[in-house]
Amino acid sequence: MPKTLFDKIWDAHLVDVQDDGTCLIYIDRHMVHEVTSPQAFEGLRTAGRSVHRPQATLAVADHNVPTTDRSKGIANPESRIQVETLESNVEEFGVPYFKTDDIRQGVVHIVGPEQGFTLPGATIVCGDSHTATHGAFGSLAFGIGTSEVEHVLATQTLLQKPAKNMLVKVTGTLPDHCSAKDVVLAIIGKIGTAGGTGYVIEYAGEAIEALSMEGRMTVCNMTIEGGARAGLIAPDQKTFDYIQGRPMAPKGAAWEQAVEYWKTLHTDDGASFDEVVELDVTNLAPQITWGTSPENVLSIEDNVPNPADEPNAEKKASIERAIGYMDFEAGQAIEGVAINTVFIGSCTNGRIEDFREAAAIAKGRKVADGVRALAVPGSGLVKEQAEEEGLDKIFVEAGFEWREPGCSMCLAMNDDRLSPGDRCASTSNRNFEGRQGKGGRTHLVSPAMAVAAAIKGCLTDVRKLG
Amino acid sequence: MEKFTKLTGVAAPMPIRNIDTDMIIPKQFLKTIKREGLGKNLFDEMRYLDDGSENPEFVLNQDAYRNATIIVAGDNFGCGSSREHAPWALNDFGIKVIISTSFADIFYNNCFKNGMLPIRVDEDTLNKLMDDAERGANATLTVDLVSQTITGPDGGEVKFEIDEFRKHCLLEGLDDIGLTQQKSDKIDDFEAKRKADQPWMYR
Ligand code: SF4
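### Quick notes on the overall build of chain B
Each helix and strand counted, chain B has eight helices and seven strands in total. Its C-alpha atoms put chain B at 65 × 45 × 25 Å along the principal axes. In chain B, which comprises 203 residues, the share counted as buried stands at 61%. At a minimum sequence separation of 6, the contacts of chain B that also span at least 24 residues come to 64%. Counting only carbon and sulfur atoms, one obtains 47% of the accessible surface of chain B, whose full area is about 8200 Å². Charged side chains in chain B number 25 positive and 35 negative. The centres of these two groups are separated by 6 Å.

Structure (structure tokens):
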């Protein structure tokens, strides 16, 4: 029977199937960060259990690390304790770890692919919903809770039921000044934040094939924002080229053998999906969120909705609430709304290509008066690469702050955060109430759109900058 | 893990869609290295005013609902981050059951690991239970996992669906890891086969 890519990976990882259909699946790769792991290690310790396969695990601290000079350590005592707890746990349980001053440190979902830890056909989990990012390599990657982190540490497996299959087919050629971020925002706008619940989404079609690995990671990263735990893209030559030579990637004969297997990782002709969604991006305009849920997506030339037009009472109430929080008038234009903060970074848009895209717009221009603009590389290696290419100078000359790597203002667990009433054009993935700081207002956009907003001092159409 | 069999308690209405895990427990409380003690910051930003005092408008600050053990909520409850701090905070506050038309997958899973019961119902049922929950002091529901029923204040009963295995684990308070470790032979066999077939996966 023809199989989908998801079915192939799933079937290859079945350790046991119970009579009621609950499956025990094997986990090849496990990433660990400081926020969602302390209680899991504590659970192991209390029960006297060890880590089943430490070498299948990779730990890094990212959420709490300062993005300013970190040679003096972390000032906030709770943040410091959390990072120190991770450090003592990895030591006690023998888990590989990149220290905060290691150039390989960064956001987990940037570090895994960068090191060749992320491989096609693998099952990859992490106590973090954006684990979906790794699906760009044709690996089945999803976020788990802390109890499940403990389960994976102890057994290298997880109890799961198979997901349903959804195909999101993206056709056409992406217009200038639109990128992977605009594609995924448009998809979420179309399916809604609960649209993918219970599904694994496979992204396919010529517009997906045309994306770089960085772009594919941006798309898969935000899959969770559409409610699906995992996004998948079939590996191709671009995938293999990206992985080859990375420190943890297979080498020599193992490489040849791996590639041969990876080439079988695609959905067979005639395989059926439970749901198919199509999107043509030929006429896509830059996308932006107006509200407090990632499904609140508009084209930059559109207007904020009017709750009066919504017949469903619950939806109407949620539009009213979002408009109130975002301090908008019903039906007003989104373009021209003043912002005072810009954030470029996160596991959605913190890779080298994102900084290239941003620098191309920033070059020779200046950040508007009164706007605070942060550029935060996703990892030490992204930072180093950007500096080799001179991108840091472009940002600094334009008036951006060029920071040390970490999650930073994506969720504001360190000192990088919005104050009440601040409005931010952000390349991150969530615009929830208070996500970037209590009372802060977030508009999710692509790196190019974020820079355009920084320069104009308001939400603006990057295409008009020329 | 704590067992869950039957619960009678006050149900608090939260007719909001997409209640995300940032709303349930904002990130500044994720710096803890413990599971306990998060209840006081449950729904922190909605529950407290800027000066730290209680927001009287918020449902769990109203006398009738202070001791709620059940929440009846709008669609897509628990979306966003994977943080298990969300069910820990609810649990610590005393909420054991959440009823909605849909839940985000990770949140849904996380509840079961903590002896909590998330219940999916259809829209009509939710509307009815939301009405029940809005009755203040009389907003008492009984949730019986064995018979898979919710009984309202007027005695009306609705059935709900739940996965058999999850039900069994909740009723017995089973520890997943312990169960899986009983299958360690199967895990070892799988690993041996995989090492032979896909040696590149082993570093
Ligand atoms: S960058 Fe943001 S979304 Fe990504 S792991 Fe860090 S906090 Fe989570």
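### A closer look at the environment of A:Ala368
Residues and elements named next belong to chain A. If you trace the backbone, Ala368 turns up in the loop between helix H13 (352–362) and strand S16 (372–375). Between the C-alpha atoms of Ala368 and Val15, which are 353 residues apart in sequence, the distance is 57 Å. Filtering out sequence-adjacent residues up to four positions away, Ala368 remains in contact with Ala454, Ile455, Lys456 and Gly457.

### Some words on the sheet that holds strand S2 (residues 23–26) of chain A
Residue and element names in this part refer to chain A. Overall, antiparallel pairing links the three strands, which are arranged S1-S2-S8 in an open sheet. Either end of the sheet is taken by a strand with one partner, and the two such strands are strand S1 (14–17) and strand S8 (157–160). Strand-to-strand twist of the sheet, defined as the mean angle between neighbouring strand axes without regard to direction, takes the value 20 degrees. Here S2 runs beside S8; their pairing, made up of four bridges, is antiparallel. Looking at S8, one finds that Tyr26 is bridged to Thr157.

### What to know about the packing of aromatic side chains
Scanning all chains against the criterion turns up 17 aromatic pairs over all chains. Seen from their ring centres, B:Phe103 and B:Phe107 are 6.4 Å apart, and the 10 degrees between their planes marks the pair as stacked. Through pairs of rings, three or more aromatic residues link up here, namely B:Phe77, B:Phe103, B:Phe107, B:Tyr108 and B:Phe112. In this structure, A:Arg29 packs its charged tip against the face of A:Phe117, placed 5.2 Å from the ring centre.

### A word on the packing of helix H2 (residues 38–47) of chain A against helix H5 (residues 146–155) of chain A
Residues and elements named next belong to chain A. Between H2 and H5, the least distance of the axes is 8 Å, while the angle of their chain directions is 50 degrees. Put simply, H2 runs oblique to H5. In terms of crossing hand, the pair formed by H2 and H5 is right-handed. Across the interface between the two elements, Gln39, Ala40, Phe41, Gly43 and Leu44 from H2 touch Thr146, Val149, Glu150, Leu153 and Ala154 from H5. When grouped by side-chain class, the residues that make up the contact of H2 with H5 number six nonpolar, three polar and one charged.

### Some points on the packing of H2(A) against helix H3 (residues 77–93) of chain A
Residues and elements named next belong to chain A. Packing of H2 against H3 leaves a shortest axis separation of 10 Å and a crossing angle of 40 degrees. Taken together, the axes of H2 and H3 lie oblique to each other. Two packed elements cross with a definite hand, and for H2 against H3 that hand is left-handed. From H2, Pro38, Phe41, Leu44 and Arg45 reach across to H3, where they touch Gln82, Thr85, Leu86, Asn89, Glu92 and Phe93. Of the residues belonging to the contact of H2 with H3, the class tally is five nonpolar, three polar and two charged.

The rules behind these values
- Residues numbered from 1 in each chain as written.
- Chains lettered and ligands numbered in written order.
- Predicted model: local features only at pLDDT ≥ 70, side-chain atom pairs only at ≥ 80, totals over all residues.
- Heavy atoms only, no water.
- Helix = DSSP H or I, 4+ residues; strand = E, 2+ residues; numbered from the N terminus.
- Buried < 20%, exposed > 50% of the residue type's maximum accessible area, 1.4 Å probe, protein only.
- Contact = heavy atoms within 4.5 Å.
- Areas by Shrake-Rupley, 256 points an atom, 1.4 Å probe, with all protein chains shown as cover.
- Lys, Arg positive; Asp, Glu negative; His and termini not counted.
- Charge placed at Lys NZ, Arg CZ, Asp CG, Glu CD.
- Pairing = 2+ DSSP bridges.
- Axes fitted to C-alpha atoms, helices over the stretch in contact; angles between N-to-C directions.
- Phe/Tyr/Trp six-rings, centres within 6.5 Å; stacked < 30°, edge-to-face > 60°.
- Lys NZ or Arg CZ within 6 Å of the ring centre and 35° of its normal.
- Parallel < 35°, antiparallel > 145°, perpendicular 65-115°, else oblique.
- Left-handed = near helix turned anticlockwise from the far one by under 90°.
- Nonpolar A, V, L, I, M, F, W, Y, C, P; charged D, E, K, R; others polar.

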